[in-house]
Amino acid sequence: KAGVTQTPRYLIKTRGQQVTLSCSPISGHRSVSWYQQTPGQGLQFLFEYFSETQRNKGNFPGRFSGRQFSNSRSEMNVSTLELGDSALYLCASSPWGLANEQFFGPGTRLTVL
Amino acid sequence: QKEVEQNSGPLSVPEGAIASLNCTYSDRGSQSFFWYRQYSGKSPELIMFIYSNGDKEDGRFTAQLNKASQYVSLLIRDSQPSDSATYLCAVGGVTGGGNKLTFGTGTQLKVEL
């Protein structure tokens, strides 16, 4: 089976812009979760989607949003980018959901200038 | 108190030795426990999961869970230089709002020749 794929792998944006990241889960997995990883804060949970519905949400501002399509692919959007949004954004898929085994994609490295 | 605590390390062990990585968690209702390995510049890779008290072995890896003490550990036998990485402990459970998965900040392991 192919693993989790994320596009793009690298992205450079400027403050105030918006960005959309994409994630394709492992075939058959219906749960997709998004995480932000920074050296200072570690891995922080953004949100989880299951069967096109946001099922769980972390403590991030409303500038961070996401959605899931009927084929389980997911997108994450960050509006009005801030310097502090520079991070590695990871997508993880799971057959069952957030509290079960998660399989991570390679991540998207976002740099905000 | 952090929800999931790990010693940041680095933990240095000689090649061939047993590496012992520890993790404590604060939520007594936690139900699922995971160990991820993350090489520098890469995404986390699931290496072990455990749901019940006791030991679970997979090759050179053994996960140990003690729910009464709220303690999870990972033993790596016959440590190899390729085991040098950051090991993330993750704890899953159910909250009033749904499922959650919380990561520790990781322990850096260095296996020395």
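Scroll up to find the structure this text is about.
I will try to describe carefully the structure that is included in this document. Predicted model, so just to flag it, every value in this text is computed and none were measured. (Residues numbered from 1 in each chain as written. Chains lettered and ligands numbered in written order. Predicted model: local features only at pLDDT ≥ 70, side-chain atom pairs only at ≥ 80, totals over all residues. Heavy atoms only, no water.)

## Considerations on the overall build of chain A
For step 1, the next point in the chain: Tallying secondary structure elements over chain A gives zero helices and eleven strands in all.
For step 2, the next point in the chain: Each helix (α) and strand (β) of chain A, taken in turn from the N terminus, gives the series β-β-β-β-β-β-β-β-β-β-β.
For step 3, the next point in the chain: The C-alpha atoms of chain A give a radius of gyration of 13 Å, which matches the 13 Å a tight globule of 113 residues would have.
For step 4, the next point in the chain: A principal-axis box enclosing the C-alpha atoms of chain A has dimensions of 35 × 25 × 25 Å.
For step 5, the next point in the chain: A buried classification covers 52% of the 113 residues belonging to chain A.
For step 6, the next point in the chain: Sequence-distant contacts, at least 24 apart, represent 54% of the contacts inside chain A between residues at least 6 apart.
For step 7, the next point in the chain: Split by element, the accessible area of chain A, about 5,300 Å² in all, is 50% carbon and sulfur.
For step 8, the next point in the chain: Within chain A, one finds 11 positive and 6 negative side-chain charges whose respective centroids are separated by 4 Å. (Helix = DSSP H or I, 4+ residues; strand = E, 2+ residues; numbered from the N terminus. Rg over C-alpha atoms; globule rule 2.2 N^0.38 Å. Buried < 20%, exposed > 50% of the residue type's maximum accessible area, 1.4 Å probe, protein only. Contact = heavy atoms within 4.5 Å. Areas by Shrake-Rupley, 256 points an atom, 1.4 Å probe, with all protein chains shown as cover. Lys, Arg positive; Asp, Glu negative; His and termini not counted. Charge placed at Lys NZ, Arg CZ, Asp CG, Glu CD.)

## A look at the interface of chain A and chain B
For step 1, the next point in the chain: Listed by partner, the interface residues are 15 residues for chain A and 18 residues for chain B.
For step 2, the next point in the chain: Across the interface of chain A and chain B, roughly 1,400 Å² is buried in total on both sides, 56% from carbon and sulfur atoms.
For step 3, the next point in the chain: Put simply, chain A and chain B have five residue pairs in polar contact (both at pLDDT 80 or more) between them.
For step 4, the next point in the chain: Of all the elements in the fold, those that place two or more residues in the side of chain A that touches chain B are strand E4 (31–38), strand E6 (53–57) and strand E10 (103–104) of chain A.
For step 5, the next point in the chain: Classifying every residue of the side of chain A that touches chain B by side-chain character gives eight nonpolar, five polar and two charged. (Buried area = accessible area lost by both parts, 1.4 Å probe. Polar contact = N/O pair within 3.5 Å; in protein donor to acceptor, adjacent residues only side chain to side chain. Nonpolar A, V, L, I, M, F, W, Y, C, P; charged D, E, K, R; others polar.)

## Side note on the state of the cysteines
For step 1, the next point in the chain: All told, the structure shown has two disulfides over all chains when counted by the stated rule.
For step 2, the next point in the chain: Disulfide pairing places Cys23(A) opposite Cys91(A) at an S-S distance of 1.7 Å. Taking the torsion about the sulfur-sulfur bond, which here is approximately -45°, the covalent link between Cys23(A) and Cys91(A) counts as left-handed. Here Cys23(A) is found in strand E3 (residues 19–24), whereas its partner Cys91(A) is found in strand E9 (residues 87–94), with 68 residues between them in sequence. The pair Cys23(A) / Cys91(A) is uniform in exposure class, with both members buried.
For step 3, the next point in the chain: Across a sulfur-sulfur distance of 2.1 Å, Cys23(B) and Cys89(B) are joined as a disulfide pair. One quick way to see it: the torsion about the S-S bond of Cys23(B) and Cys89(B) is about -70°, and its sign makes the bridge left-handed. Of this pair, Cys23(B) sits in strand E3 (residues 19–25) while Cys89(B) sits in strand E9 (residues 85–95), placing them 66 residues apart in sequence. (Disulfide = S-S within 2.5 Å.)

## Some words on the sheet that holds strand E1 (residues 4–5) of chain B
Pairing between the strands of a sheet comes from backbone hydrogen bonds, and it takes one of two forms, parallel or antiparallel.
Residue and element names in this part refer to chain B.
For step 1, the next point in the chain: Pairing is antiparallel across the open sheet formed by five strands, whose spatial order is E1-E3-E8-E7-E6. What marks the edges here is a single partner per strand, and that holds for E1 and strand E6 (54–58).
For step 2, the next point in the chain: Bridging between strand E7 (residues 61–66) and strand E8 (residues 71–76) involves six bridges; their strand directions are antiparallel. Looking at E8, one finds that phenylalanine 61 is bridged to isoleucine 76. (Pairing = 2+ DSSP bridges.)

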